[in-house]
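Each chain, written out:
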Amino acid sequence: MQVVYHLGAHSTDEERLIRTLAENRAQLAQAGVTVPAANRYRPVLRETLMALKGGSADADTQARILQACDADETLRRLVFSHEFFLCIPGRVVTEAGFYAMVPAKLGPLANLFPDAQTEFHMALINPATLLPALKARLPKMSYDEMMAGRDPRELRWAPVVRAMVEAAGGNRLVLWCNEDLPMLWPEVLRNLAGLPASTLLQGDDALLATIMSEEGLARLRSYLRSHPPQTVLQRRKIVSAFLDKFVLPEAVEVEIPLPGWTDDLVAEITAAYDADVAEIAAMDGVEFLLP
């Protein structure tokens, strides 16, 4: 059995990925893929992780989780998704650093089904985008409290991912940039579900529908019907051309009302993020999805 954990990160796809897979639940079930309802499994996983304290689940415990997931004997692949697998939003930045507790979460998650093939999937996100989004989600925390004394330029993904690779213990680690998700959406969906690229799924334009005008999306759908792309790269080029013309600016622009932030600071954080992404994409132990 394969067990997949989609980890987020925070303020990336806003659970659209797992909702889209859930809309294909009947079709996925035919391929032995189970995408359980979140309200069924999340409480059970949380309680089990707390009880095990990092230890391996026994057969009875695993059976209890599978029962909560409504899994049957045809199960081949089980897909879980929750950004809180990483931490709560208020603990993204701590005195220990950026997502400092994340690597230690991978082992206990893998131990829920110790004999299964475990996979971890996650989107990276520019800290210059993440921090304003987190602040909006944490209205009762001041900016200084949220930052825990850390300089935003210190929040680097490369050290986090290096530690995740080590903690993953050879288990599959699939990453992508949230900024690239409109181009990668179909591939990310199929990677999560463990399905071939040729598999037909509903919702291949679910994300595009949130960032493109209705006219643009209708034209894109019509064009794809009349000019079916022959390769993934060809589809991405088509989508990119339509996004250039029909993207909704308000859907992709990020307001950054954080104290002390300037355009120069945002540019500096973004340059560091770009450098981290280039380093991570070349890391052993990482499958990095590129547009």
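In what follows, the structure referred to is the one given above.
Cut-offs and rules
Each chain has its residues counted from 1, following the order in which its sequence is written. Restriction of local features to residues with pLDDT of at least 70 applies here, the model being predicted, together with a cutoff of 80 or more for giving and counting side-chain atom pairs; totals for whole chains, interfaces and linings are based on all residues. Water and hydrogen atoms were dropped before computing side-chain values, which therefore reflect all heavy atoms in the structure. Helix and strand assignments come from DSSP, with helices taken as H or I runs of at least 4 residues and strands as E runs of at least 2, each series counted from the N terminus. Two things to know: the radius of gyration comes from C-alpha atoms, and the globule rule equals 2.2 Å times the number of residues to the power 0.38. The buried label goes to any residue with under 20% of its type's maximum accessible area, the exposed label to any with over 50%, and the partly exposed label to all in between, with areas taken from a 1.4 Å probe on protein chains only. Computed by Shrake-Rupley with a 1.4 Å probe, the accessible areas treat only the displayed protein chains as cover when residues are assessed. Charge assignment in this entry is limited to Lys and Arg as positive and Asp and Glu as negative, and neither His nor the chain termini are counted. A single reference atom marks each charge: NZ on Lys, CZ on Arg, CG on Asp, CD on Glu. Throughout, the arc means that of the directions going from the helix axis to the C-beta atoms. Any two residues whose heavy atoms approach within 4.5 Å are treated as being in contact. Salt bridges are identified by distance alone: a Lys or Arg side-chain nitrogen within 4 Å of an Asp or Glu carboxyl oxygen. Only the stretch in contact is used when a helix axis is fitted, and all axes are lines through C-alpha atoms; the angle between N-to-C directions ranges over 0 to 180 degrees. We call two directions roughly parallel when the angle between them is under 35 degrees, roughly antiparallel when it is over 145, roughly perpendicular when it lies between 65 and 115, and oblique otherwise. Here is the rule for handedness: rotate from the far helix to the near one, and if that takes an anticlockwise turn smaller than a right angle the crossing is left-handed, while a clockwise turn gives right-handed. Throughout this entry, Asp, Glu, Lys and Arg are counted as charged residues, while Ala, Val, Leu, Ile, Met, Phe, Trp, Tyr, Cys and Pro are counted as nonpolar. The remaining residues, Gly among them, count as polar.

**Thoughts on the overall build of the protein**
Then, number 1: For the protein, the count of helices and strands is 14 helices and eight strands.
Then, number 2: Computed over C-alpha atoms, the radius of gyration of the protein comes to 20 Å, within 12% of the 19 Å expected from 2.2 N^0.38 for 291 residues, which places it in the range of a compact globule.
Then, number 3: Overall size of the protein, expressed as C-alpha extent along the three principal axes, is 55 × 55 × 35 Å.
Then, number 4: For the protein, buried positions account for 49% of its 291 residues.
Then, number 5: Of the accessible surface of the protein, which amounts to about 14,100 Å², a share of 52% is contributed by carbon and sulfur atoms.
Then, number 6: Charge-centre separation for the protein: the mean point of 28 positive side chains lies 4 Å from the mean point of 38 negative side chains.

**Here we look at helix α1 (residues 16-23)**
Then, number 1: Among all positions of α1, only Leu17, Ile18, Thr20 and Leu21 are buried. Along the long axis of α1, the arc covered by the buried residues comes to 160°, so they all point the same way.
Then, number 2: Where α1 is buried, its residues touch β1 (2-6), α2 (25-30), β3 (77-81), β7 (172-177) and α9 (181-193).

**Observations regarding the pattern of salt bridges**
Then, number 1: By the definition in use, this model includes 15 salt bridges.
Then, number 2: Where Glu83 meets Arg137, a salt bridge forms, and the shortest distance between an N and an O atom there is 2.3 Å. Linking Glu83 in the loop between β3 and β4 (93-94) with Arg137 in helix α6 (residues 127-137), this pair joins segments that are 54 residues apart in sequence.
Then, number 3: According to the relative accessible area criterion, Glu83 is buried, its value standing at 16%.
Then, number 4: By relative accessible area, which is 33% here, Arg137 ends up partly exposed.
Then, number 5: Glu215 is the salt-bridge partner of Arg219, the closest N and O atoms lying 2.8 Å from each other. Residue Arg219 and its partner Glu215 are both found in helix α11 (residues 214-226); the two are separated by four residues, about one turn of the helix.
Then, number 6: A single network of salt bridges, built from pairs that share partners, joins Arg77, Glu119, Arg172 and Glu287.

**Some remarks on the packing of helix α3 (residues 38-52) against helix α4 (residues 59-68)**
Then, number 1: At a closest axis distance of 8 Å, the pairing of α3 and α4 adopts a crossing angle of 160°. Of the possible angle classes, the one that applies to α3 and α4 is roughly antiparallel. Note that α3 runs across α4; the crossing there is right-handed. Of the residues in α4, those touching α3 at Arg40, Val44, Leu45 and Thr48 are Thr61, Ile65, Gln67 and Ala68.
Then, number 2: The class makeup of the residues in the contact of α3 with α4 is four nonpolar, three polar and one charged.

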